[in-house]
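Listed below are the residues making up each chain.
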2 protein chains.
Amino acid sequence: MSAPEVPVRRQTRQRTAVLALLDELDGFRTAQDLHALLRERGDAVGLATVYRALQALVDDGLVDVLRSEDGEAAYRRCSPVHHHHLVCRSCGLTVEVADPPVERWAARVAAEHGFADVQHQLEVFGTCRSCAPGAAAQR
Amino acid sequence: MSAPEVPVRRQTRQRTAVLALLDELDGFRTAQDLHALLRERGDAVGLATVYRALQALVDDGLVDVLRSEDGEAAYRRCSPVHHHHLVCRSCGLTVEVADPPVERWAARVAAEHGFADVQHQLEVFGTCRSCAPGAAAQR
DNA sequence: CGATCGTGTGAGAATGGTTCTCATGACCAG
DNA sequence: CTGGTCATGAGAACCATTCTCACACGATCG
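Note that the coordinates shown come from a computational prediction; the quantities given were computed from them, not determined experimentally.

1. Overview of the pairing of strand E5 (residues 94-97) of chain B
Residue and element names in this part refer to chain B.
Piece 1. Pairing of strand E4 (residues 84-88) with E5 involves four bridges; the strand directions are antiparallel. Bridge pairing in E5 links Leu86 to Val95.
Piece 2. In textbook terms, the turn of a hairpin is the stretch between consecutive antiparallel strands, and for E4 and E5 this stretch comprises five residues, one of which, Gly92, has a positive phi near 85°.

2. Description of the UniProt feature "binding site: Fe cation" (unreviewed entry) in chain A
Piece 1. The feature "binding site: Fe cation" (unreviewed entry), as annotated in UniProt, sits at A:His82, A:Glu103 and A:His120 in this numbering. Across 39 residues of sequence, these annotated residues stay compact in space, with a maximum C-alpha separation of 10.7 Å.
Piece 2. Counting through the fold element by element, A:Glu103 comes out in helix H4 (residues 100-112).
Piece 3. Here A:Glu103 is in contact with A:His82, A:His84 and A:His120, once residues within four sequence places are set aside.
Piece 4. Not counting residues within four places of it along the chain, the set of residues in contact with A:His120 comprises A:His82, A:His84, A:Val102, A:Glu103, A:Ala106, B:Glu123 and B:Val124.

3. Remarks on the packing of helix H1 (residues 13-24) of chain A against helix H2 (residues 31-40) of chain A
Residue and element names in this part refer to chain A.
Piece 1. Interhelical geometry of H1 versus H2 gives an angle of 105° and a closest axis separation of 11 Å. As judged from the angle between their axes, H1 and H2 are roughly perpendicular. Residues Ala17, Val18, Leu21 and Leu22 of H1 form the contact with H2, whose participating residues are Leu34, Leu37 and Leu38.
Piece 2. Residue composition of the contact of H1 with H2, by class: seven nonpolar, no polar and no charged.

4. As for the pattern of salt bridges
Residues and elements named next belong to chain A.
Piece 1. Enumeration over the complete set of coordinates arrives at 14 salt bridges over all chains.
Piece 2. The salt bridge partner of Arg108 is Glu112, with a shortest N-O separation of 3.2 Å. Of the two residues, Arg108 and Glu112 are both situated in helix H4; the distance of four residues between them amounts to about one turn of the helix.

5. Remarks on helix H3 (residues 47-59) of chain A
Residue and element names in this part refer to chain A.
Piece 1. Between the first and last C-alpha of H3 there are 19 Å, a value that for 13 residues agrees with the 18 Å anticipated at 1.5 Å per step.
Piece 2. All buried positions along H3 are accounted for by Val50, Ala53, Leu54, Ala56 and Leu57. Down the axis of H3, the buried set is contained in an arc of 160°. They therefore lie on one face. In H3, the exposed positions that point more than 90 degrees away from the buried face belong to Arg52, Gln55 and Asp59.
Piece 3. Here the buried face of H3 lies against H1, H2, strand E2 (63-67) and strand E3 (73-77).
Piece 4. Directly after H3, the chain includes Gly61, whose backbone phi takes a positive value near 75°.

Reading the values: the criteria
- Residues numbered from 1 in each chain as written.
- Chains lettered and ligands numbered in written order.
- Predicted model: local features only at pLDDT ≥ 70, side-chain atom pairs only at ≥ 80, totals over all residues.
- Heavy atoms only, no water.
- Pairing = 2+ DSSP bridges.
- Helix = DSSP H or I, 4+ residues; strand = E, 2+ residues; numbered from the N terminus.
- UniProt positions renumbered as here; feature names shortened; annotations may be inferred.
- Contact = heavy atoms within 4.5 Å.
- Axes fitted to C-alpha atoms, helices over the stretch in contact; angles between N-to-C directions.
- Parallel < 35°, antiparallel > 145°, perpendicular 65-115°, else oblique.
- Nonpolar A, V, L, I, M, F, W, Y, C, P; charged D, E, K, R; others polar.
- Salt bridge = Lys/Arg side-chain N within 4 Å of Asp/Glu carboxyl O.
- Expected span 1.5 Å × (residues − 1).
- Buried < 20%, exposed > 50% of the residue type's maximum accessible area, 1.4 Å probe, protein only.
- Arc of directions from axis to C-beta.

As structure tokens, this is what we get:
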């Protein structure tokens, strides 16, 4: 086996803009949203480039991906340590949370059933205080 | 408030075939897979109908949906009680598992952060014994 | 048993997110 | 400064899913 042969990652205006935008936001956003936001702020970037930049960031572990209920991918700047998410399904507000017990539970259950190379995925969805019905009669 | 106005659910050859097929399989399958399987077995059903039947089954709580990493939806006949899944990412084999602690944890964490109307989603992915590398030098 | 109403079906078109293509532009090492 | 390589962008291609709409069929009632 030879070198992994990973291309050099260049720093460009576009990639910088995508990461900077993600740093300002505190919730999960779709690639389409991010593209529109960049366009609004005048920092125009091609849609394909937004997708490529996000993919690179995910590969580098700087960004987390999440699939919404309709299959659309949403991205968020996250800490590199393992964690789960508490997401507001209305405004996207997200809190990173840890749950050590579930880590052990997942490993144990997987082992009991003969599963190896285990990963788990745990997300909690709810309505945050600002979006709670009653704060403003929405609908 | 009047009656929910849910249309009567008819029993047709196509819906019966979809549910019967799901009953025979023990892993998550995409709508496309199910459509192809039905076609192979001669029980031809239109693709749109497969989607509609699956949606109806999900609404009735007879089938669970899961989004694969690339956003494709996968369906499986599941028990109606709340549970999580241990899924083989190679063959799709799935085991239903329960984890009472995580239920309480999710509720507590959500409450701490002022989130209401909480749901959670927990899936464990791994490689089952039959698919383990070494059982057969695949690929 | 047979008419009737309303739901289900299917082929193909439409939708929409994501990826690919490829000619052109921009990093950055030397 | 210059070259080679990687990045960009506009649009096409892709593909899962949904929609459209004319027609078929299930259930119910007479």
